[in-house]
Each structure stands twice: as C-alpha cells, then as structure tokens.
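Observations on the model geometry
Chain by chain, the residues:
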Amino acid sequence: MRSIFFSVLFLTAPALLSAATPNVLLLYADDLGYGDVSCYGSKMISTPNIDRLAASGLRFTDGHASAATCTPSRYAMLTGEYAFRKKGTGILPGDAQLIIEPGRTTMASVLKRAGYRTGVIGKWHLGLGSGSMDWNGKISPGPLEIGFDHCYIMAATGDRVPCVYVDDHRIVGLDPADPIEVSYKTPFPGQPTGKANPELLRVHPSHGHDQFILNGISRIGHMKGGKSALWKDEDMADVFTQQAVDFITAGKDKPFFLYFAAHDPHVPRVPHPRFVGKSGMGPRGDAILQFDACVGRLLDTLDQHGLAENTLIILSSDNGPVVDDGYQDEAVEKLGSHLPAGPLRGGKYSAFEGGTRVPFIVRWPARVKAGVSDALVCQVDFPATFAALMEQDFKDTTAPDSMNVLPALLGESKTGRDHLIVQAGPLALREGTWKYIEPAQGPKKNKNTNSETGADPAGQLYDLSTDLGEKKNLLTEQTERAAKMAAKLKELRGVVR
Ligand code: NG6
Ligand code: CA
C-alpha cells in the first residue's frame, strides 16, 4: 500500500509542471546583432539551430535589450529598473562589487518564489562581493543572493580578469597553495603584460586589452596565481553548455528557470577548433556558429527529455553587434558584405536601433503559435512578465520600468509596450514607430570601434515606419512631435522608486 502510494506520488510529481508553469530557458548571446542570424535575414551566416527555434516559435522584429552595452542591459533585465536610474551600472571591471542589492526582486527571484529551481550559467558582469574581494574564499554576495539557486559563471567578460569560473560561491579548480590576486590598478611585479611583451601574444589587441596574458591573449586587468583554475577560451562554450545540460536534466520534479548567458560572439573570439574557419568570416563569424551550436545542443537536450513542449524559451542578445571591439581578429577584414545589424543603423554602443534592437525569439509549443510579431518588447519587462506568467501580484517599486508584456510574448496580443527608453550614451525614446534621441555632446563615432554613437547636439527624430535605417532626421520638420517626445522622456526619466 505504502509503496503504491509513493509510486503514485512519484509518477504524478512531474504533473506539477503544468501548462501554467513551463520551464523557462533564456538563451542569451553577447553582442549578437539583429542581422547576425539567418532567420533575421543574414545571407552570409547560416544559423540552423536558431532558425529551427524561430520556425517553431514567435520571432519578434522589434525586440530590445534595454541598453547598448552589457552591464546596464543585464542590470535592467534582471531588476526591471532602467540602468540609467542607478549610478555605477556602466560596463564593470572584473573586480566590481555586486550592483544589485541582495534580496531584491529579480527575474530569477520571481520564479524562485513560484517554486522554480533557478540557475545562471555563463557571463555575469554584474559584480560580485560587497567590498574588497578575497577571490580565494567565499565569493558572496552574487547570483545566489539575488534569486538564483545555482550559478556557474565568469565574473565579467572573457577579456577581463579574473579568468576563472565561479561555481556557486567558489572558484572552480583553485589550488589553495596558489591563491589568486586581482588588480585593475597595478601590474604584479614580474608578470608579463600584452603591452610589455607583445612577442608572447597570438591575438594582438587593436585597442586596450594589453595587460594580463592568458593563452597568448592579453586582457583588461591584472591577475596572478590560480594557475589550475584558469579557463581555456576554446573550451568555454562547451563548458557552459555542459553545465546547462546538467542543470536542465538535474531534477524534473520542479520546473526550472535557466539563464544561459553565452559569451559568444564577444571578444576575445576564440571558438573551439571545430568551428574555426567554418563561417569564412574569421573568428567573429565562427563564434556565432559556436553560439548556434550551443543552442542546438540545448534544444536537443529538451527534446531528449521530453521537455520541449512545455519549456518557454526566449533567445536574445545583450546589445547590438560590434566588429572591431579591441582585438586584431580579422573581423573587419573578413566581414565582406555581411551587415551585423541588418537593416538597422549603429550597433553596440549606439543610440540608433542597431544598439538595442536584437534577435528576440520566443518558443513555447504548448502555448505559443509560431509566427512573426512586430510588437515592441524589451528585456526589462522580464520580471513583471514572469510574475504575470506565475499569476503573482507584481507591484514592485524596485522594478518601475518592467511592464507585463506576456500577451505579446505569447502572441495573444499584437502590441507590446506603447513606449520604451533605451540607453547608449544618450537616451532614446520609442513611441510606436517614432524614435527620439535626446541631444548629446560627444563624438559621433566611437574612437575605438569606429561605430556610430548616435550623439548629436541638436537631438534627432526618426519615423521608423518609413525609415528603419534612421537616415532622415525629422527634428526640424516635426518640431511639435519632437518637443512632446522630449517632454515625455524628461517625465519618464524623473520616475523615482
Ligand atoms: C570595452 C572594451 C570592449 C568590451 C566592452 C564591454 C576596450 C578598449 N574595450 O571597454 O572590448 O569588453 O568594454 O563589452 O577595453 S560588453 O558587451 O560587456 O558591454
Ligand atoms: Ca555585450
């Protein structure tokens, strides 16, 4: 009797995962542009796995990251608060403190509250710890203090120290006899640097990136020790993907939320040898193929475990594309006619659409019909939208910018947000298909990347319905509309929590 009772319980346990509580898998690329995948029109790069996702899902043509660089974009996505509201949310060094207050509501804590097993694997770049960090001890606070049950991350980026993985609260594979030290101020005596020892490099910087050397690639910042814990760039995508496979398959009694934060195609672009030369576009293209393959492996994992039907997948990118982002990696030379931002102007670092409008695909076979949507949606909406999915009351004052766009994500509504602020240097306001970029001083081109910043001292107004490429500034033709949008931006900017 008892054993029957238990086996019935056991058999029915997976049913807890009802259609209302799908697994949620966020597949997040780093610096992947709107035009970098074939289902968004690229003829030069073929991304069959992302295309497979799009073919069975809903592909958004106006989906956004909230900022044109990583840290502010991820800060907004996790917290539901635009990063421009909070100081210290620009691109962080690898030894920065955690910029999200422990215990604060995040996209992960919303799902954790609903009984989900939550995890983040991959690139973090939101800071760790609360003061000067001893990397050899317990690394906290971090993801586990803001809603994740598990993490397997790198602290910042592949081009920043420390070049190690952190599993929950500890560095992976660290030998206590060889402790790690990190400094963004001064080099450690006796350590070679990219600047002093270019003869040790196999990938040379084009700007910056001339400090600590690992695997023949110089990075930003200095570190010493931790030899047994240092990552190998070529294996990074496989390491993260294997961790993700393990997380997905670890326990089927609870629904899971996994934020899979891939590093590709961010610099340094050092894909595994099996992708080298495969795109014909050099390491940047090869790294995109590697990201696509990771997506494929995770889709296969869901299929193998019968999880695909009731898993809500969102695929997107943290900001738009960049070609030369600091290494001489042939990205410029081998670009050919490929347009990383597709029909959009600008890219990473830019207030033009290419800065934040990114691939944005939703797939949930049990609920979402395949198709294409032009609803305006943004990653800052994830906290409120996940709360709506969980039928939670979401009146969180720490997430003032997060809107419930669930009906749009599920394809039940054709409209998403009526307005959106995106952040590069200048802020820009979208209302419908209108785009207003606030007046901004500063160079029109980023001196390092040679890409457009979107700065113009007079301000700009574009009608994206007829001018997606933001070529014709209508500021002086439509002064009334521009003034209204400027006033609205000012008002929205003043919202305090
Ligand atoms: C810039 C780096 C760039 C990249 C970026 C962050 C230099 C000259 N450039 O400062 O290579 O690391 O920061 O990218 O150091 S992000 O996608 O994480 O925002
Ligand atoms: Ca990025």
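Now for a description of the structure that goes with this document. If you're wondering where the values come from, they're calculated on a predicted model, not measured in any experiment.

Topic: the sheet that holds strand β20 (residues 460-463)
Taken together, the four strands give an open sheet; going across it, the order is β17-β18-β19-β20, and neighbouring strands pair in antiparallel fashion. Edge positions in the open sheet fall to β17 (419-423) and β20, since each of these has one partner strand only. Put simply, the sheet's adjacent strands are angled 15° from each other on average, direction ignored. Across four bridges, strand β18 (residues 427-431) lies against strand β19 (residues 434-437) in antiparallel orientation. Counterpart to R430 in the pairing with β19 is K435. With respect to the sheet, helix α10 (residues 479-493) is in contact with β17, β18, β19 and β20, its orientation differing from that of β18 by roughly 115°.

Looking at the site of ligand 1
For ligand 1, the set of nearby residues contains 21 residues, the closest of which are C70, D159, R160, D325 and K348. Within the side chain of D159, one N or O atom sits 2.6 Å away from an oxygen atom of ligand 1. Take K348: an N or O atom from its side chain is 2.7 Å from an oxygen atom of ligand 1. In isolation ligand 1 exposes 450 Å². Once the protein is present, 87% of that is buried. Class assignment of the residues belonging to the shell around ligand 1 gives a composition of five nonpolar, eight polar and eight charged.

Observations regarding the packing of aromatic side chains
A full pass over the atoms with the stated rule returns 15 aromatic pairs. Note on Y152 and Y165: the rings are 5.5 Å apart at their centroids and 35° apart in plane angle, and the pair reads as tilted. In this pair, Y152 sits in strand β5 (residues 150-154) while Y165 sits in strand β6 (residues 165-167), placing the two residues 13 residues apart along the sequence. Each member of the pair, Y152 together with Y165, is buried.

Observations regarding the coordination of the calcium ion (ligand 2)
Within the first shell, the calcium ion (ligand 2) binds the protein through D30 (OD), D31 (OD), D318 (OD), D318 (OD) and N319 (OD1), at distances of 2.2 to 2.7 Å. Geometry at the calcium ion (ligand 2) is irregular, judged from its six donor atoms and the angles of 51 to 173° they form at the metal. In primary sequence terms, the donor set of the calcium ion (ligand 2) follows D-D-x286-D-N. Within this pair, whereas D30 is found in the loop between β1 (23-29) and α2 (48-55), its partner N319 is found in the loop between β13 (311-317) and α7 (353-356), the two being separated by 289 residues in sequence. Using a relative accessible area of 0% as the deciding quantity, one classes D30 as buried.

Details of the side chain of D286
Mapping D286 onto the fold places it in helix α6 (residues 282-304). Despite its burial, D286 pairs with no opposite charge, the nearest such side chain being K334 at 7.4 Å. At 3.4 Å, the side chain of D286 forms a polar contact with the backbone nitrogen of K278. Setting aside anything within four residues of it in sequence, one finds D286 in contact with P271, F275, V276, G277, K278, S279 and G280.

Quick notes on α10
For α10, spanning 15 residues, the distance from its first C-alpha to its last is 21 Å, which sits close to the expected 21 Å at 1.5 Å a residue. All of the buried residues in α10 are A482, M485, L489 and L492. The buried residues of α10 all sit within an arc of 90° when viewed along its axis, so they share a single face. Of the exposed residues in α10, the ones pointing more than 90 degrees away from its buried face are T479, E480, K484, K490 and E491. On the buried face of α10, the contacting elements are β17, β18, β19 and β20.

A word on the side chain of Q423
Position of Q423 relative to the elements: it lies in strand β17. With relative accessibility at 16%, the residue Q423 sits in the buried group. Among the polar contacts made by the side chain of Q423, one reaches the main-chain amide nitrogen of F84 at a distance of 3.3 Å. When near neighbours in sequence (up to four residues on either side) are disregarded, Q423 contacts S66, A67, A68, P72, A83 and F84.

Structural notes on the packing of helix α5 (residues 236-250) against α6
Closest axis-to-axis distance for the α5/α6 pair is 10 Å, and the angle between their directions is 15°. In terms of axis orientation, α5 runs roughly parallel to α6. You can see that α5 and α6 cross each other, and the crossing is right-handed. Seen from α5, the contacting residues are A237, D238, T241, Q242, A244, V245, I248 and T249; seen from α6, they are Q290, C294, R297, L298, T301 and L302.

Let's talk about the pairing of β1
When you tally the buried positions in β1, you get seven out of seven residues, the bulk of the element. Alternating positions in β1 separate into two faces, N23, L25, L27 and A29 on one and V24, L26 and Y28 on the other, with burial throughout. Sheet topology places β1 next to β13; seven bridges connect them, and they run parallel. Bridge assignment links L27 to a residue of β13, and that residue is L315.

Examining the packing of α2 against α6
When two helices pack together, their arrangement is given by the angle between the helix axes and the distance between those axes. In the contact formed by α2 and α6, the axes pass within 7 Å of each other and the chain directions differ by 50°. Relative to α6, the element α2 is oriented oblique. On α6, the residues touching P48, N49, I50, R52 and L53 of α2 are F291, D292, A293, V295, G296, L299, D300 and D303. A class-by-class count of the residues in the contact of α2 with α6 yields seven nonpolar, two polar and four charged.

Here is what the cut-offs are and how they apply
- Residues numbered from 1 in each chain as written.
- Chains lettered and ligands numbered in written order.
- Predicted model: local features only at pLDDT ≥ 70, side-chain atom pairs only at ≥ 80, totals over all residues.
- Heavy atoms only, no water.
- Pairing = 2+ DSSP bridges.
- Helix = DSSP H or I, 4+ residues; strand = E, 2+ residues; numbered from the N terminus.
- Axes fitted to C-alpha atoms, helices over the stretch in contact; angles between N-to-C directions.
- Contact = heavy atoms within 4.5 Å.
- Near = heavy atom within 4 Å.
- Polar contact = N/O pair within 3.5 Å; in protein donor to acceptor, adjacent residues only side chain to side chain.
- Areas by Shrake-Rupley, 256 points an atom, 1.4 Å probe, with all protein chains shown as cover.
- Nonpolar A, V, L, I, M, F, W, Y, C, P; charged D, E, K, R; others polar.
- Phe/Tyr/Trp six-rings, centres within 6.5 Å; stacked < 30°, edge-to-face > 60°.
- Buried < 20%, exposed > 50% of the residue type's maximum accessible area, 1.4 Å probe, protein only.
- Donors = N, O, S within 2.8 Å, 3.2 Å for Na, K, Ca; no water.
- Tetrahedral: all angles 85-135°; square planar, octahedral: opposite > 155°, others 65-115°.
- Lys, Arg positive; Asp, Glu negative; His and termini not counted.
- Salt bridge = Lys/Arg side-chain N within 4 Å of Asp/Glu carboxyl O.
- Expected span 1.5 Å × (residues − 1).
- Arc of directions from axis to C-beta.
- Parallel < 35°, antiparallel > 145°, perpendicular 65-115°, else oblique.
- Left-handed = near helix turned anticlockwise from the far one by under 90°.

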